[in-house]
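One-letter residues, chain by chain:
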Amino acid sequence: MNHPQMAENRREPQVSPEAWWTLAVLCLFYVLSYLDRYLLTMLVDPIQKDLGIGDFEMGLVLGPAFGIALGVAALPFGWMVDRSPRRKVLFFGVAFWSFATAATGFARSTLGLGLARLGVGAGEAALGPAAASLLADKFPRRRLTTALAIFQASNKLGSATAFGVGGLLIGMLGGAALSIPLIGSVRPWQIAFFCVGTPGILAAFLVYTFSEPVRRGRKSTEPPRPGALLAFLKEHRTLMLLIYGGFTLIALCGYSLVAWVPTFVSRRYGLEPQVYGPLLSVVSIVAAGALVIKGTIVDWLYARGHKDANILFYSWIVFGSTPLAVIAFFVPGPWIFFGIYGVLLAVSIPSMLYLAASLATLAPNELRGQLTALAYALHGILGLGLGPTIVGAITDFGFQDPNKIGWSLALVCGVGMPAGAILLRFAMKPMRIAVGEVEAIEQARG
């Protein structure tokens, strides 16, 4: 006798070529977003030197200036994703954050730098909710986690591009200021932002190379009623608190690592961006491949009846990799560090994949964009907003030694990662119940 889950899988539609093309375009946008986002992490020292700011102030630029803007803007973008053509939302977001990235090169003060980062964060808030909604309607459920894994893996390619191309670009530009007509004296770090921001404005037009998909699984053809999101959150409040809280805690650690690891490598091992950049690039590319493999494992578990497959799988690998996140910052040589950091990038840091896949499995179509936007809001405000700032504050006010940045990172990860994984373990039972209810409703509708 065939397993009912297997029979259901065979009835689902096949993935169309246009779905794969849509995924490819979304991946390109994600690469550009992470390039624009994390180029700054390689330029901390020259920016601090030019603008005269410390680690705590730089932490505010790396974290809250970007993260809070992303978190606040994610909610209205999620609302628009559930009600408007998603291609238009994407076009505006991509073009806006790319323009803001280029504008970062005009910063002449900490305030100007912070305002530009606000613009980058606000624009990037459109990508996550729109992509999750599009992919959930383009791909059948049995392939959704794999599609989302490929999408999330592209952020590793974006990091790789930021570290690799950024390092080479910084090396090519040298350390001397250049004089540009009508603009004046421009530092190399400012030129780097000009170079990486402008291509995204043109890339935004790629949204019109694929069609707007029909919204599948919608309860009504009418727009979601006011209060529908709050009603859903109230109905599933225990599950929502556990999964949002658990994933956000782990994301806080991940954002802290990505924001400060380039500075740690520079201070601890004395490596220049043109040296450590390509190394971090290779590590990110390897991590991207591992992320796709993990997505297929989760789909395999789901197909065999594990309705909590995403949090089941992710919580175990976070527990297993926590010791690595602590000892990484005390190893004697850079090669050992890069090896351990590669494992962390591949295994435990990409929390949004599992959260987005969980929400796509659980959420009704008319709330999918808003629930995903809420995830990005929490990741942006609490994860990205607090994580890098906490690390900078511990270094400046706790250890009072910039060379103890690794101690700060070890402390944050040693506490945050296991705490988040514990919350996810408590979320497994309500997740199984909630997904079972969703599947029962869909089967009753035929």
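Residues numbered from 1 in each chain as written. Predicted model: local features only at pLDDT ≥ 70, side-chain atom pairs only at ≥ 80, totals over all residues. Heavy atoms only, no water.

**Observations regarding the overall build of the protein**
- The secondary structure content of the protein amounts to 18 helices and two strands.
- Buried residues in the protein amount to 59% of all 446 residues.
- Taking as baseline every contact in the protein between residues at least 6 positions apart, the subset at least 24 positions apart corresponds to 84%.
- Accessible surface, the protein: about 17200 Å² in total, of which carbon and sulfur atoms supply 70%. (Helix = DSSP H or I, 4+ residues; strand = E, 2+ residues; numbered from the N terminus. Buried < 20%, exposed > 50% of the residue type's maximum accessible area, 1.4 Å probe, protein only. Contact = heavy atoms within 4.5 Å. Areas by Shrake-Rupley, 256 points an atom, 1.4 Å probe, with all protein chains shown as cover.)

**Describing the packing of aromatic side chains**
- Taken as a whole and judged by the stated rule, the model has 19 aromatic pairs.
- Arranged with centres 5.8 Å apart and planes meeting at 85 degrees, the rings of F264 and Y269 form a pair that is edge-to-face. Of the two residues, F264 and Y269, both sit in the buried class. (Phe/Tyr/Trp six-rings, centres within 6.5 Å; stacked < 30°, edge-to-face > 60°.)

**Concerning the confidence of the model for the protein**
- Looking at the protein as a whole, the pLDDT averages 80, with 86% of positions reaching at least 70.
- For the protein, helix α1 (residues 4-11) is the element with the lowest average pLDDT, namely 45, and helix α6 (residues 86-104) is the one with the highest, namely 92.
- Low pLDDT (under 50) marks residues 1-10, which in the prediction has 10 contacts with non-local residues, meaning those over four places away or in another chain. (pLDDT = per-residue confidence, 0-100.)

**Comments concerning the packing of helix α2 (residues 17-38) against helix α8 (residues 127-138)**
- Closest axis-to-axis distance for the α2/α8 pair is 10 Å, and the angle between their directions is 165 degrees. Classified by the angle their axes make, α2 and α8 are roughly antiparallel. By crossing handedness, the relation of α2 to α8 is classed as left-handed. Residues E18, A19, T22, L23, L26, F29, Y30 and S33 of α2 form the contact with α8, whose own contacting residues are L127, A131, L134, L135 and K138. (Axes fitted to C-alpha atoms, helices over the stretch in contact; angles between N-to-C directions. Parallel < 35°, antiparallel > 145°, perpendicular 65-115°, else oblique. Left-handed = near helix turned anticlockwise from the far one by under 90°.)

**A look at helix α11 (residues 228-235)**
- Within α11, burial applies to A228, L229, F232 and L233. Along the long axis of α11, the arc covered by the buried residues comes to 135 degrees, so they all point the same way. Away from its buried face, by an angle of more than 90 degrees, α11 presents the exposed residues L230, K234 and E235. (Arc of directions from axis to C-beta.)

**So, a nonpolar patch on the surface**
- A contiguous nonpolar surface patch, about 440 Å² in accessible area, is contributed by I68, V72, I381, L382, L386 and I390.
- The set of elements that each furnish at least two residues to the nonpolar patch consists of α5 (64-83) and α17 (365-399).
- Sorting elements by how many residues they give to the nonpolar patch places α17 first, with four residues. (Patch = residues over 30% accessible without salt bridge, like charges linked within 9 Å, V, L, I, M, F, W, Y side chains within 5 Å. Salt bridge = Lys/Arg side-chain N within 4 Å of Asp/Glu carboxyl O.)

**Focus on the state of the cysteines**
- Tallied over the full model, the rule gives zero disulfides.
- C253 carries a free sulfur, and the closest cysteine sulfur to it, the one in C413, is 4.6 Å from it.
- Residue classification places C253 among the buried positions, given a relative accessible area of 1%. (Disulfide = S-S within 2.5 Å.)

**Some points on the environment of G254**
- For G254, the location among the structural elements is in helix α12 (residues 237-269).
- Remark: the alpha-carbon pair of G254 and A325, spanning 71 residues in sequence, is separated by 10.0 Å.

**A closer look at unusual backbone geometry**
- Positive phi outside glycine occurs at Q400, with the angle close to 55 degrees.
- Looking at the secondary structure, you find Q400 in the loop between α17 and α18 (405-445).
- Under the relative-accessibility criterion, Q400 is labelled exposed at 63%.

**Here's the deal with the nonpolar core**
- F29 and F337 are the most contacted members of the largest nonpolar core, which totals 144 residues.
- The dominant element in this core, judged by the number of residues it contributes, is α12, at 19 residues.
- Look past the residues within four positions of F337 in its chain and what remains in contact with it is V261, F264, V265, Y269, A328, F329 and V331. (Core = buried A, V, L, I, M, F, W, Y, C linked by side-chain atoms within 4.5 Å.)

**Focus: the side chain of S256**
- Assignment of secondary structure puts S256 in helix α12.
- Setting aside residues up to four positions removed in sequence, S256 forms contacts with G387, P388, V391, L409 and V412.

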